[in-house]
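Overview (structure and organization)
The lines below spell out each chain.
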Amino acid sequence: MTKSQTAVEKGRKRVRFSGPERRAMILEAATALISARGYNALTLARLAEECEMTNAGMLHYFASKQDLLVAVLDHQDESNERFLAEIGVDGSTREGARAFMDRLIDRDAGCPEIVRLYTILGAESLDPSHPAHQHLVDRARRIRERAVAMTANWHPDPERFVTMVDSFHEGIQLAWLRDPSIDLRAAWRDFADLVFGARP
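Because the structure is a prediction, the values reported are computed rather than measured. (Residues numbered from 1 in each chain as written. Predicted model: local features only at pLDDT ≥ 70, side-chain atom pairs only at ≥ 80, totals over all residues. Heavy atoms only, no water.)

A word on the overall build of the chain. Assigned secondary structure in the chain consists of ten helices and zero strands. The C-alpha atoms of the chain give a radius of gyration of 21 Å, which is well past the 16 Å a tight globule of 200 residues would have. Judged by the C-alpha coordinates and their principal axes, the chain covers about 75 × 35 × 30 Å. When each of the 200 residues of the chain is scored for burial, the buried share is 36%. Residue pairs at least 24 apart in sequence account for 62% of intrachain contacts in the chain once pairs closer than 6 positions are excluded. If you sum the accessible surface of the chain, you get close to 12300 Å²; carbon and sulfur atoms cover 53% of it. One finds the centroid of the 27 positive side-chain charges in the chain at a distance of 7 Å from the centroid of its 30 negative side-chain charges. (Helix = DSSP H or I, 4+ residues; strand = E, 2+ residues; numbered from the N terminus. Rg over C-alpha atoms; globule rule 2.2 N^0.38 Å. Buried < 20%, exposed > 50% of the residue type's maximum accessible area, 1.4 Å probe, protein only. Contact = heavy atoms within 4.5 Å. Areas by Shrake-Rupley, 256 points an atom, 1.4 Å probe, with all protein chains shown as cover. Lys, Arg positive; Asp, Glu negative; His and termini not counted. Charge placed at Lys NZ, Arg CZ, Asp CG, Glu CD.)

Below, the structure written as structure tokens:
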């Protein structure tokens, strides 16, 4: 290192973060890396580099790549539950269910990285040995049970209806990730008008 480089390095102020702040930064970086390349391609060394940390520093927060994945998924689940609680619509009516899904699609359209995260992990974790396999199986079951319970209040065949809506939702997300020129909101609106009934 030259004298000028040394002077620059000495002149830089090291930013110190609290433990929770550092953990949040790691989770954000890990989410971005997994959504871009998948869990299988992630390494803690690459993540440490991305976060400008040493490998030892990274291991202080997450002892293994699997621990990190669990933390990423738990963090996303917590964010999702907060979002659902904030929607503030009654999904137990036809109109409420439509409004609920409209809000969900709006969120998807604004968060392609999170949609891509679950899409990639969903494909990888079809292998039962994948560390996210059971987590995502349980998550899908909880979401489906909640949707079926709400739909049963107004639809004669809630299981079939939820399967149809969920299949379209996952399919249009995948098509949108492949081709961002697709208008996700418009595609959902056309489908929803058919299965829920057109809005007044």
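Evaluation of the coordinates by the stated rule reveals seven aromatic pairs. Centre to centre, the rings of Phe-168 and Phe-191 are 4.0 Å apart; their planes meet at 5°, and the pair counts as stacked. Highlighted residues: Phe-168 in helix 9 (residues 158-178) and Phe-191 in helix 10 (residues 184-195), separated in sequence by 23 residues. With a centroid separation of 5.9 Å and an interplanar angle of 50°, the aromatic rings of Trp-188 and Phe-191 are classed as tilted. Within this pair, Trp-188 and its partner Phe-191 are both found in helix 10, separated by three residues, close to a single helical turn. Taken as a pair, Trp-188 and Phe-191 share a single burial class, namely buried. Ring pairs connect the aromatic residues Trp-154, Phe-161, Phe-168, Trp-188, Phe-191 and Phe-196, which therefore count as one cluster. (Phe/Tyr/Trp six-rings, centres within 6.5 Å; stacked < 30°, edge-to-face > 60°.)

Between the first and last C-alpha of helix 2 (residues 19-37) there are 27 Å, a value that for 19 residues agrees with the 27 Å anticipated at 1.5 Å per step. For helix 2, the complete set of buried residues consists of Arg-22, Ile-26, Leu-27, Ala-29, Ala-30, Thr-31, Leu-33, Ile-34 and Ser-35. Gly-38, located one to two residues past helix 2, shows a positive phi value of around 95°. (Expected span 1.5 Å × (residues − 1).)

Before going further, it helps to spend a moment on the side chain of Thr-151. Looking at where Thr-151 falls in the secondary structure, it is placed in helix 8 (residues 133-151). Excluding residues within four positions of it along the chain, Thr-151 makes contact with Pro-158, Phe-161 and Val-162.

Right, let's talk about helix 5 (residues 65-87) for a bit. The terminal C-alpha atoms of helix 5, which comprises 23 residues, lie 33 Å apart, in line with the 33 Å expected from a rise of 1.5 Å per residue. Turning to helix 5, its buried residues number three or more, namely Leu-68, Leu-69, Ala-71, Val-72, Leu-73, Gln-76, Asp-77, Asn-80, Phe-83, Leu-84 and Ile-87. On the buried face of helix 5, the contacting elements are helix 2, helix 3 (44-50), helix 6 (94-110), helix 7 (112-124) and helix 8. Immediately beyond the C-terminal end of helix 5, within one or two residues, lies Gly-88, with a positive phi of roughly 70°.

A word on the nonpolar core. Ranked by size, the top nonpolar core spans 25 residues in total, and within it Ile-26, Leu-47, Met-58, Leu-68 and Leu-121 carry the most contacts. Those elements that place two or more of their residues in this core are helix 2, helix 3, helix 5 and helix 7. With six residues, the single largest contributor to this core is helix 2. Those residues in contact with Leu-121, other than ones at most four positions away along the chain, are Ile-34, Tyr-39, Leu-69, Leu-73, His-130 and Leu-136. Met-101, Val-115, Trp-154 and Phe-161 belong to the second largest nonpolar core, which has 21 residues in total. (Core = buried A, V, L, I, M, F, W, Y, C linked by side-chain atoms within 4.5 Å.)

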